[in-house]
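Residue-level structural notes
Okay, here's what each chain looks like letter by letter:
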Amino acid sequence: MSAAYFIAGTDTDVGKTTVAAGLLHAARLSGLSTAAGKPVASGCDLTPKGLRNADALALLAECSIPLTYDQVNPVAFEPAIAPHLAAREAGVALTVQSLLTPMRQILDMHADFTLIEGAGGWRVPLADQDNLSDLAMALGLPVILVVGVRLGCINHALLTAEAIARDGLQLAGWVANIIDPKTSRLEENLATLAERIPAPCLGRVPKLKSVTVEAVAEHLQLDLLD
């Protein structure tokens, strides 16, 4: 097995990394080798080793193939703002081409299970007219969509699924990450998502008291992926 996917979200702060790390952990439990990439990250901490992003570190921790932080997250910005704005302030040319080579290098390691995680939602701008979705298109990866389940999630999820299809990419599966368990008509909303998203639901991640990769992995089903 050698499978790779692009992890996208319906918005920012919907749990992309939580789900991605959980999927990687589930793959490791199944005996698969794992690798991951976070091409661009904003909101990084300045450390003695350089800028470090918590999401990228979480992905790195679940990689069984030896990778350095800079391989996983080649472009890092300190301000917690949109990547294209952070790049502009830092004087960095943030283009699809600048991210494509390091991500292809990770894919070329041919781990059994590889995830490339985006930032924010599907149409996050880079520089000029480039979007992060253009990177997913250039890589040609099937997409796993993380749906942050709360009021308004149906619209966000369906529009994102439509955009992914319009961009010519396969939606391999989606995960319901329950951000607000008190969402009115929660089960009905989940049923509507399942009916209308043209891909299998890989799992429902409940609101966990302690968010660990082990706990998240228990709610995910890798065997539903093609």
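Computed from a predicted structure; not experimentally measured. (Residues numbered from 1 in each chain as written. Predicted model: local features only at pLDDT ≥ 70, side-chain atom pairs only at ≥ 80, totals over all residues. Heavy atoms only, no water.)

**What about the overall build of the chain?**
What counts, and what does not: Every helix listed is a DSSP run of H or I at least four residues long, and every strand listed is a run of E at least two residues long, numbered separately from the N terminus. C-alpha atoms define the radius of gyration in this analysis, and the globule rule sets the expected value at 2.2 Å times the number of residues to the power 0.38. Whether a residue is buried, partly exposed or exposed follows from its accessible area with a 1.4 Å probe, protein chains only, as a fraction of its type maximum: under 20%, in between, or over 50%, in that order. By definition, residues are in contact when any of their heavy atoms lie within 4.5 Å. The accessible surface values rely on the Shrake-Rupley method and a 1.4 Å probe; as for residues, cover is taken only from the protein chains in view.
From N to C terminus, the chain includes nine helices and 10 strands. On C-alpha atoms alone, the chain measures out to a radius of gyration of 16 Å, which is about the 17 Å that the 2.2 N^0.38 rule sets for 226 residues. Across its three principal directions, the C-alpha atoms of the chain cover 45 × 40 × 35 Å. By residue count, 53% of the 226 residues in the chain fall in the buried class. When contacts within the chain are restricted to residue pairs at least 6 apart in sequence, long-range pairs at least 24 apart make up 77% of them. Total accessible area on the chain is roughly 10,400 Å²; 51% of this is exposed by carbon and sulfur atoms.

**Details of the packing of aromatic side chains**
To describe a pair of aromatic rings, you give the distance between the ring centres and the angle between the ring planes. Heads up, the condition is: Working definition: a ring pair exists when centres of Phe, Tyr or Trp rings (six-membered ring for Trp) sit within 6.5 Å. Plane angles under 30 degrees give stacked, over 60 give edge-to-face, the rest tilted.
Applying the stated criterion to the full structure yields two aromatic pairs. Here tyrosine 5 and phenylalanine 113 contribute two aromatic rings whose centre-to-centre distance is 5.9 Å and whose plane-to-plane angle is 45°, an arrangement assigned as tilted. Here the residue tyrosine 5 occupies a position in strand E1 (residues 3–9), and phenylalanine 113 occupies one in strand E7 (residues 113–117), the gap between them amounting to 108 residues. On the basis of relative accessibility, which here comes to 3%, the residue tyrosine 5 falls in the buried class. Judged by its relative accessible area of 1%, phenylalanine 113 is buried.

**Some words on the UniProt feature "binding site: substrate" (unreviewed entry) in the chain**
Heads up, the condition is: UniProt positions are given in the numbering used here, feature names are shortened, and annotations may be inferred rather than shown by experiment.
Under the feature "binding site: substrate" (unreviewed entry), the UniProt entry names Ser42. Position of serine 42 among the secondary structure elements: in the loop between strand E3 (40–41) and strand E4 (45–47). With sequence-adjacent residues up to four places away left out, serine 42 is seen in contact with Asn53, Phe77, Pro79, Ala80, Ile81, Ala82, Pro83 and Ala86.

**Focus on the sheet that holds E1**
Inclusion rule: Strand pairing follows a simple DSSP-based rule, namely that at least 2 bridges must link the two strands. A fitted line through C-alpha atoms serves as each axis, taken over the contacting stretch for helices, and the angle formed by two N-to-C directions is quoted from 0 to 180°.
Within the open sheet, the six strands sit side by side as E2-E7-E1-E8-E9-E10. Their pairing is parallel. Two strands lie at the open edges of the sheet, namely strand E2 (34–37) and strand E10 (201–205), each paired on one side alone. Direction aside, neighbouring strands of the sheet carry axes that sit 20° apart on average. Sheet topology places E1 next to strand E8 (residues 143–149); four bridges connect them, and they run parallel. The residue bridging alanine 8 from the neighbouring strand is leucine 145, located in E8.

**Overview of the side chain of threonine 34**
In plain terms, the rule: Nitrogen and oxygen atoms within 3.5 Å of one another constitute a polar contact, given that in protein one can donate a hydrogen and the other can accept it, and given that sequence-neighbouring residues count only through two side-chain atoms.
With respect to the helices and strands, the residue threonine 34 is situated in strand E2. On the basis of relative accessibility, which here comes to 0%, the residue threonine 34 falls in the buried class. For threonine 34, the side chain forms a polar contact with the main-chain oxygen of glutamate 62, separated by 2.7 Å. With residues near it in sequence (within four places) discarded, threonine 34 still touches Leu24, Ala27, Arg28, Glu62, Cys63, Ser64, Ile65, Ala111 and Phe113.

**Some points on the pattern of salt bridges**
Think of it this way: side chains of opposite charge can pair up when their charged atoms draw near. Definition in use: Salt bridge, as used here, is a side-chain nitrogen of Lys or Arg placed within 4 Å of a carboxyl oxygen of Asp or Glu.
By the definition in use, this model includes five salt bridges. Note that arginine 150 and aspartate 11 form a salt bridge whose closest N and O atoms lie 3.8 Å from each other. Here arginine 150, found in the loop between E8 and helix H7 (153–166), pairs with aspartate 11, found in the loop between E1 and helix H1 (16–29); they are 139 residues apart in sequence, far enough to count as distant. Note that glutamate 62 and arginine 28 form a salt bridge whose closest N and O atoms lie 3.1 Å from each other. Taken together, the residues glutamate 62 in the loop between helix H2 (54–61) and helix H3 (69–72) and arginine 28 in helix H1 connect sequence positions 34 residues apart. A residue is classified by how much of its surface remains accessible, and glutamate 62, at 8% relative accessible area, is buried. Given the relative accessible area of 37%, arginine 28 is considered partly exposed.

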